[in-house]
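Remarks on the overall topology
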Amino acid sequence: MQNIFCFACSLFSFYFVVALKTQIMNFILVSLIYIFGPVGLLYACKKSNFLNKFGTVALAYFLGIILGNIGIITPELKPLQDNFTSVTIALALPLLLFSINLKQWSRLALKTGMAVIFGIISVVVVTIIGYYLFKNVIPNNWQVAGLMIGVYIGGTANMAAIMKALNGDPATFILVNAYDIIICMFYFFFLITKAQPLIGRILVPFKPAKEEVQLSNEVDDFDGWDAYVGIFKKTVLPKLLLAILLSAAIVGMAMLLKPLFPADYQLAGIILTITTISILCSLVPSINKIQKTFQSGMYLIVVFCIVVGSMADFRMFNTHSLYLAGYIVVVIIGSLLLQILFSKIFKIDTDTTIITSTAFIFSAPFVPTVANSLKNKEIILSGITIGIIGYTVGNFIGITLAYMLR
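Some remarks on the overall build of the protein chain
Of the regular secondary structure elements, the protein chain holds 17 helices and zero strands. A burial count over the protein chain gives 52% of its 406 residues as buried. Here the contacts in the protein chain between residues at least 6 apart in sequence split such that 85% fall between residues at least 24 apart. Surface exposure of the protein chain reaches about 19,400 Å², of which carbon and sulfur atoms provide 70%.

Describing the packing of helix H3 (residues 55-68) against helix H13 (residues 293-310)
Their axes nearest at 6 Å, the elements H3 and H13 cross at an angle of 30°. As summarised for this structure, H3 and H13 are arranged roughly parallel, according to the angle between their axes. Helix-helix and strand crossings are classified by hand; for H3 and H13 the assignment is right-handed. Residues Thr56, Val57, Ala60, Tyr61, Leu63, Gly64, Ile65, Leu67 and Gly68 of H3 lie in contact with H13, whose contacting residues are Met298, Val302, Cys305, Ile306, Gly309 and Ser310. In the contact of H3 with H13, the residues fall into ten nonpolar, five polar and no charged.

Section: helix H6 (residues 141-154)
Between its first and last C-alpha, H6 extends 19 Å over 14 residues, near the 20 Å set by a 1.5 Å rise per residue. Counting buried positions along H6 yields 14 of 14 residues, so the element is predominantly enclosed.

Quick look at the nonpolar core
Residues Tyr34, Tyr152, Phe173 and Tyr327 are the most contacted members of the largest nonpolar core, which totals 122 residues. The greatest single-element share of this core, amounting to twelve residues, is contributed by H13. Sequence-distant contacts of Phe173, that is, excluding residues within four places in its chain, are made with Tyr61, Leu147, Met159, Ala160, Met163, Phe304 and Val308. Residues Met114, Phe118, Val126 and Phe342 belong to the second largest nonpolar core, which totals six residues.

Describing the pattern of salt bridges
Applying the stated criterion to the full structure yields one salt bridge. Residue Lys78 pairs with Asp82 through a salt bridge whose shortest N-O separation is 3.0 Å. Of this pair, Lys78 and Asp82 both sit in helix H4 (residues 78-97), four residues apart, which is roughly one turn of the helix. Given the relative accessible area of 47%, Lys78 is considered partly exposed. The exposure class assigned to Asp82 is partly exposed, which follows from its relative accessible area of 29%.

Here's the deal with H13
Taking 1.5 Å of rise per residue, 18 residues should cover 26 Å, and H13 covers 26 Å from first to last C-alpha, within 8% of that figure. With 18 of 18 residues buried, H13 is to be regarded as a mostly interior element.

Quick notes on the environment of Val331
Checked against the element boundaries, Val331 lands in helix H14 (residues 322-346). When near neighbours in sequence (up to four residues on either side) are disregarded, Val331 contacts Val126, Thr127, Met148 and Tyr152.

Some details on the packing of H6 against helix H7 (residues 156-165)
For the pair H6 and H7, interaxial distance at closest approach is 7 Å and the crossing angle is 160°. Between H6 and H7, the crossing angle belongs to the class labelled roughly antiparallel. Here the hand of the crossing between H6 and H7 comes out right-handed. Here Gly146, Leu147, Gly150, Val151 and Gly154 of H6 lie close against H7, whose contacting residues are Asn158, Met159, Ile162 and Met163. Tallied by class, residues from the contact of H6 with H7 come to five nonpolar, four polar and no charged.

Brief notes about the packing of aromatic side chains
This structure, assessed with the given rule, holds twelve aromatic pairs. On the basis of an interplanar angle of 70° and a centroid distance of 5.2 Å, the ring pair of Tyr34 and Phe84 is categorised as edge-to-face. Placement of the pair is Tyr34 in helix H1 (residues 2-47) and Phe84 in helix H4, with a sequence separation of 50 residues. Comparing Tyr34 with Phe84, the two get one shared label, buried. Here Tyr187 and Phe190 contribute two aromatic rings whose centre-to-centre distance is 6.3 Å and whose plane-to-plane angle is 25°, an arrangement assigned as stacked. Of this pair, Tyr187 and Phe190 both sit in helix H8 (residues 170-193), three residues apart, which is roughly one turn of the helix. One aromatic cluster is present, formed by Tyr187, Phe188, Phe190 and Phe362 through successive ring pairs.

Reading the values: the criteria
- Along each chain, the written sequence defines residue order, and numbers are assigned to residues from 1.
- Totals for whole chains, interfaces and linings use all residues, but because this is a predicted model, local features are given only for residues with pLDDT of at least 70 and pairs of side-chain atoms are given and counted only at 80 or more.
- Water and hydrogen atoms play no part in the side-chain values, which are based on all heavy atoms of the structure.
- Where helices and strands are cited, they refer to DSSP runs of H or I of at least four residues and of E of at least two residues respectively, numbered from the N terminus.
- Burial classification: accessible surface area is computed with a 1.4 Å probe over protein chains only, and a residue below 20% of its type maximum counts as buried, one above 50% as exposed, and the rest as partly exposed.
- Contacts are assigned to residue pairs with any non-hydrogen atoms lying within 4.5 Å of each other.
- Accessibility throughout is a Shrake-Rupley quantity obtained with a 1.4 Å probe, and a residue counts as covered only by protein chains that appear here.
- Here the axes come from fitting lines to C-alpha atoms, over the contacting stretch only for helices, and the angles between their N-to-C directions go from 0 to 180 degrees.
- Here roughly perpendicular refers to angles of 65 to 115 degrees, roughly parallel to angles under 35, roughly antiparallel to angles over 145, and oblique to all remaining angles.
- If you view the pair so one helix is near and one far, a crossing is left-handed when the near helix is turned anticlockwise from the far one by less than a right angle, and right-handed when it is turned clockwise.
- Residue polarity is assigned by list, with Asp, Glu, Lys and Arg as charged and Ala, Val, Leu, Ile, Met, Phe, Trp, Tyr, Cys and Pro as nonpolar; anything else, Gly included, falls into the polar class.
- Here, expected helix span is obtained from the residue count minus one, scaled by 1.5 Å.
- Here the nonpolar core consists of buried residues drawn from Ala, Val, Leu, Ile, Met, Phe, Trp, Tyr and Cys, with membership extended through side-chain atoms lying within 4.5 Å.
- For salt bridges, the criterion is a side-chain nitrogen of Lys or Arg within 4 Å of an Asp or Glu carboxyl oxygen.
- Here is the rule: rings of Phe, Tyr and Trp (six-membered ring for Trp) pair when centre to centre is within 6.5 Å. Planes less than 30 degrees apart are stacked, more than 60 are edge-to-face, and the remainder are tilted.

As structure tokens, this is what we get:
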């Protein structure tokens, strides 16, 4: 009897050690994929024109979804995923905002400034309309409205930050992203083919502005391998590491202020505090001129996208989730129609209207491609300017609107 007991204990110990070893190996493997996955995606996009059409952000979600549905991700890894999402977003926000040139905003051309205001109003108004249209069929639709504002005024980083601020469901975040990618492919094709001749029948043609301004020195191209070249140079890396330390310090300051916010709004308060302090830091020339901060922030966003993608389950893509797709269509098409109406009333030209929609719906990196299809390179800087403003105000508007609709 004693021998049987000893054998059972030995067998149990063996399986326990194997299970523990497997869990540790999974932990290490998944962590390495999260951290270094963006490098592989960036390199793949550099080598393949086909993959480059999708971009690293879209591929990051795809990689994450595959990772989360092949059996590597176990329930024990959820704390790891939660920590990765919290840390990457918190550190990415300051890095993304350090390079903006806030002092130059007062020099915006009147036409571009009006386009920004009407573009934001259009997205907000149509998002609210969509909220009430789908209020009874989309769970926690007030959070979805915040996500819509984040991605269609700012970008993926804003939507991710708002999701954390609202304590949103990662599954909903993935669904919104998945449908956004699919629907926006068709919308992008429309912008580069039929938008100019159709909208041009209603609005006035483009006239070059006398003066444009550069609101950021780094946003022209972040979604590619070349944007990261030189990041390890002696003239770049030491200052960049200091910028990362400053980002961590800003996050620490926001955490210290956490008790000052009401319990239900603490996460939102942290995100908005980080955003505000980061914008103030961008006013300091020595911080504003640090190279590769925007690219470093985007690297963390790609990490975030892989992690969130790995939380997804294929079973969440069902007929009921198609209501989210309907909401996205309403926001994209509705905001464009409302922008056209504003542009008609205030005599904003065709190309500026199209590039404004591009900057808000797709974000700044898509601007050059659309501008090229419009045969108007002069519009590129205006589009990037609008995209930068979207990155900056997206968190404030998205979080505020979501709680107003709650």
